[in-house]
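# Chain and residue survey
Next come the chains, spelled out residue by residue.
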Amino acid sequence: MRKSILLCAGVLLGVAAQAQTARKLTVNLTPDGAANIQVFLPESPTGRAIVGCPGGGYSHLSMQNEGTDWAEYFNRQGIAYCVLTYRMPKGDRSLPMSDAQNAICTVRDSAEAWRVNPYDVGIMGFSAGGHLASTTATHAPIEARPDFQILFYPVISMDERVTHKGSVVNFLGDGRRDDKLVKEFSNDKQVRRHQTPPAFIVMAGDDRAVPPLTNGLPYYVALRKAGIPAAMHIYPAGGHGFGFRSSFAYHDQMLGELTAWLKGIKAPAATAKRVACVGNSITDGYGIDMADVQGYPAQLQKILGEGYCVRNFGVSGRTLLNHGDRPYMREKAWAEAKAFNPDIVVIKLGTNDSKPRNWDNYGKEFAADLQQMVDELEALPAKPAVYLCCPVASGDARAKQGDNQIRDSIVVADIIPAIKKVAKKNKSHVIDLHPLINPESGMMQRDGIHPTAKGAAEIAKAVAKAIGGK
């Protein structure tokens, strides 16, 4: 009798474990099905989804250990999991790249049917699949870029002298002799502030196939230097290719650390209003360590909460003036800000326009150039509400001198009136940041131009009050 009860209990436990996956389906990404995703949908979805890229040196795919074996682990946490079968490049890198990007877009396009949050779609990759995942994280357009990345013993470098040579040969083909191409796809050299998503990196110190010191470690360093949150775990032993194998000595510890990291990621709600923060170094967070955590757009996200999705499109040193020394509207960030199709745009430009070489030669074009920016935003499908910020005050005496001098006197006398004039014409909102930062209270860096994290918090509060009433 007792044996029967134990047997029934075991069966019930087995059913309960299997029941974590509510539905499984395969979706073709190419007409012939050569590229597809196996989708494992959880019973109790949280809205999070992950696209998994198995490894195999870009010559084959380790579909079980680095693919389907992970389904139960993720589904138990309410995470939808999609194992990507991507095409082998054979020298044509566009094949796996387009497959990975299509997978991300397919998950987002299926958000309603699969109960997925389009702002909470990550990518995971192993070995060469880690290279594909990190390539997607650093090279994909904003609509196909993941919100986070998980990399296991990833191939990062395309320099065959310090990485897995087979992956390089298969991915780049004859292009592996082109130094420019090698650099372009050595992803530690392609990390972009605010645009490359947070990462969780796992390696074994004794990995001889893909050396951690020339692959995963430089990628972590590049992320950290860019102010992008990242976690790195290097276990003392385990070699290469351990994937989900329970024989890996640190298997349980690894899963625990990954689970904790995933719980720490906070995503906006699926219905969140999109907020694009456009601007120069003050938006970018110049001089603020971990700007993606302490910069004003990041602090704005914390204040506004999950009902908003705030993205930082700031680029240091840029001007609003199209004839300025470094025009913002010629930057990739401007194109991506528009591709984001924001519901709200906060523009904080004008500080660098006050320099003699910019304002003295082209100042009369400022209002027209600002109007062009507003016009381009109003042409977007979302028809965003536009908020124009008066630049933060700077100290002329402490700013750089000569032709590169930032002049607060010009900001006050000419630039702010021009901003207000354009705002009035377009019925845009004005946020006056000029009197906000007090240099004597730890809000300004020593250069007298850039706010500290404390000053960024004050900017975030002012912007949040203007757009969200908070």
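Residues numbered from 1 in each chain as written. Predicted model: local features only at pLDDT ≥ 70, side-chain atom pairs only at ≥ 80, totals over all residues. Heavy atoms only, no water.

## Some points on helix α9 (residues 251-264)
For α9, built from 14 residues, the straight-helix expectation of 20 Å at 1.5 Å per residue is met to within 8% by its first-to-last C-alpha distance of 20 Å. Inspection of α9 places H251, M254, L255, L258, T259, W261 and L262 among the buried residues, and these make up the whole buried set. Down the axis of α9, the buried set is contained in an arc of 165°. They therefore lie on one face. Exposed and oriented more than 90 degrees from the buried face of α9 are D252, K263 and G264. Tucked into the core, α9 has its buried residues touching β3 (49-53), α2 (71-76), β6 (148-152), β7 (199-204) and β8 (230-235). (Helix = DSSP H or I, 4+ residues; strand = E, 2+ residues; numbered from the N terminus. Expected span 1.5 Å × (residues − 1). Buried < 20%, exposed > 50% of the residue type's maximum accessible area, 1.4 Å probe, protein only. Arc of directions from axis to C-beta. Contact = heavy atoms within 4.5 Å.)

## A look at the sheet that holds strand β11 (residues 344-348)
Hydrogen bonds between backbone groups are what pair the strands of a sheet, and the pairing can be parallel or antiparallel. Across the sheet, which stays open at both edges, the five strands sit in the order β10-β9-β11-β12-β13 with parallel pairing between neighbours. With partners counted over all chains shown, the strands left at the sheet margins are β10 (308-314) and β13 (429-432), one partner each. Taking each pair of neighbouring strands and ignoring which way they run, the sheet shows an average axis angle of 20°. Sitting on the sheet, helix α12 (residues 296-304) is in contact with β9 (273-279), β10 and β11, with an inclination near 175° to β10. (Pairing = 2+ DSSP bridges. Axes fitted to C-alpha atoms, helices over the stretch in contact; angles between N-to-C directions.)

## A few points about the state of the cysteines
Under the counting rule described, the total for this entry stands at zero disulfides. Considering cysteine sulfurs only, C82 is the nearest to C105, which forms no disulfide, with 13 Å between them. Residue C105 is classed as partly exposed on the basis of its relative accessible area of 22%. Looking at the unpaired C389, the closest cysteine sulfur is the one in C390, lying at 7.8 Å. (Disulfide = S-S within 2.5 Å.)

## What to know about the packing of helix α15 (residues 366-378) against helix α16 (residues 408-426)
At a minimum axis separation of 10 Å, α15 and α16 run at an interaxial angle of 40°. Crossing angle aside, the handedness with which α15 passes α16 is right-handed. For the pair α15 and α16, the contacting residues are F366, A367, L370, Q371, V374 and E378 in the first and I415, A418, I419, V422, K425 and N426 in the second. The residue inventory of the contact of α15 with α16, partitioned by class, reads eight nonpolar, two polar and two charged. (Left-handed = near helix turned anticlockwise from the far one by under 90°. Nonpolar A, V, L, I, M, F, W, Y, C, P; charged D, E, K, R; others polar.)

## Notes on the packing of α12 against helix α17 (residues 453-468)
Angle between the axes and distance between the axes are the two parameters that describe a pair of packed helices. With their axes 8 Å apart at the nearest point, α12 and α17 run at an angle of 50° to one another. Between α12 and α17, the angle falls in the class oblique. Between α12 and α17 the crossing geometry is right-handed. Along its contact with α12, which presents Y296, Q299, L300, I303 and L304, the element α17 presents A453, A456, A457, I459, A460, K461, V463, A464, I467 and G468. Of the residues that constitute the contact of α12 with α17, the class distribution is twelve nonpolar, two polar and one charged. (Parallel < 35°, antiparallel > 145°, perpendicular 65-115°, else oblique.)

## Section: the packing of aromatic side chains
Under the criterion given, the structure shown has 24 aromatic pairs. Residues Y58 and Y86 carry aromatic rings whose centres are separated by 6.4 Å and whose planes lie at 70° to one another, so their mutual orientation is edge-to-face. Of this pair, Y58 sits in the loop between β3 and α2 while Y86 is found in the loop between β4 (80-85) and α3 (94-109), placing the two residues 28 residues apart along the sequence. Take Y58 and Y86: they sit in the same class, and that class is buried. Both rings, one in W359 and one in F366, keep their centres 5.6 Å apart while their planes meet at 55°; by these two values the pair is tilted. (Phe/Tyr/Trp six-rings, centres within 6.5 Å; stacked < 30°, edge-to-face > 60°.)

## Comments concerning the confidence of the model for the protein
Counting all residues, the mean pLDDT for the protein is 94, and 95% of those residues have values of 70 or more. Counting interchain partners and residues more than four positions distant, the pLDDT-below-50 stretch residues 1-19 has three contacts. (pLDDT = per-residue confidence, 0-100.)

## Describing helix α8 (residues 216-225)
Where α8 is concerned, the buried positions are G216, Y219, A222 and L223. Down the axis of α8, the sector holding all buried residues measures 125°, keeping them to one side.

## Observations concerning the side chain of H450
Its location among the elements puts H450 in the loop between β13 and α17. A polar atom in the side chain of H450 sits 2.7 Å from the side chain of S281. A polar contact of 2.5 Å, which involves the side chain of H450, links it to the side chain of D447. (Polar contact = N/O pair within 3.5 Å; in protein donor to acceptor, adjacent residues only side chain to side chain.)

## Quick notes on the pattern of salt bridges
Under the counting rule described, the total for this entry stands at 20 salt bridges. We note a salt bridge from D99 to R87, for which the minimum N-O separation is 2.8 Å. Here D99 is found in helix α3, whereas its partner R87 is found in the loop between β4 and α3, with twelve residues between them in sequence. Judged by relative accessible area, which is 0%, D99 ranks as buried. When the shortest N-O distance is used, the salt bridge between K338 and E376 registers 2.7 Å. Of this pair, K338 sits in helix α13 (residues 332-339) while E376 is found in helix α15, placing the two residues 38 residues apart along the sequence. By relative accessible area, which is 23% here, K338 ends up partly exposed. We classify E376 as partly exposed; its relative accessible area is 23%. Salt bridges linked by common partners bring R108, D147 and R311 together as one network. (Salt bridge = Lys/Arg side-chain N within 4 Å of Asp/Glu carboxyl O.)

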